[in-house]
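Coordinates in review
The lines below spell out each chain.
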Amino acid sequence: MAYDEDDLFIDDFDFVDDDEDEAPAAEAADVDEEEAPAKPKRKSSRGGKRGGRSKASAEERETAEEEQADSAVEEEATPEVPAVPTDHVVHVYEFGKYRRTIGREFTCEDAEAFAKEFNRTSAAHCREGIVGNKNEEPAQAL
């Protein structure tokens, strides 16, 4: 399909409204210049070896102390969730015979999820993961 150049440029498109955006920005710039605080002084190139501490570092320390105090209050207010016992393991069987036990303890849900994914990915190698209790001995064959 051939395009006619006259048809392409019939409509005017306003991608950016420059007139509307410039007016508030110009007014805001005027207000900011009048009320803007003085720029902070540059730190000396000597790394603060003059013996005095700057106000900025003192303010930073104060805010850091306040944040630590706030986090300590939050930690005290947060109730401790009882730990879920990790009393399950996953036993690996290869060709129906016990091969080994995964050297990590799991919660019941995590062990089932691990065994499901292990079985999905190792089926081509004739391996199977079975969830068991860590206090019980695994069966020697399936």
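To start, this report covers the structure provided alongside it. Not measured: the values here are computed from a predicted model. Each chain carries its own residue numbering, running from 1 in the direction its sequence is written. Owing to the predicted nature of the model, reporting of local features is limited to residues with pLDDT of at least 70; listing and counting of side-chain atom pairs is limited to 80 or more, with chain, interface and lining totals taken over all residues. Values reported for side chains reflect all heavy atoms of the structure, with hydrogen atoms and water molecules removed beforehand.

Turning our eyes to something else, we now look at the packing of aromatic side chains. Each Phe, Tyr or Trp ring (for Trp, its six-membered ring) is paired with any other whose centre lies within 6.5 Å, and the angle between the two planes then decides the class: stacked below 30 degrees, edge-to-face above 60, tilted in between. Overall, the coordinates contain three aromatic pairs when judged by the stated rule. Where Y93 meets Y98, the ring centres are 5.8 Å apart and the plane angle is 70°; that geometry is what we call edge-to-face. Residue burial is assigned from relative accessible area. The probe radius is 1.4 Å, only protein chains are included, and a residue is buried under 20% of its type maximum, exposed over 50%, and partly exposed in between. A relative accessible area of 4% means that Y93 is categorised as buried. For Y98, a relative accessible area of 25% corresponds to the partly exposed category. Between F106 and F114, the aromatic rings sit 5.1 Å apart at their centres with planes inclined by 35°, giving tilted as the arrangement. A relative accessible area of 2% places F106 in the buried class.

Moving on: the side chain of E94. As for its position among the elements, E94 is in strand β1 (residues 88-94). A relative accessible area of 18% places E94 in the buried class. The contact criterion used is simple: two residues touch if any of their non-hydrogen atoms lie within 4.5 Å. If we ignore the near neighbours within four places in the chain, the residues touching E94 are R99, H125, C126 and R127. Helix and strand definitions follow DSSP, with helices as H or I runs of at least four residues and strands as E runs of at least two, each counted in order from the N terminus.

Honestly, it's all geometry; don't read function into it.
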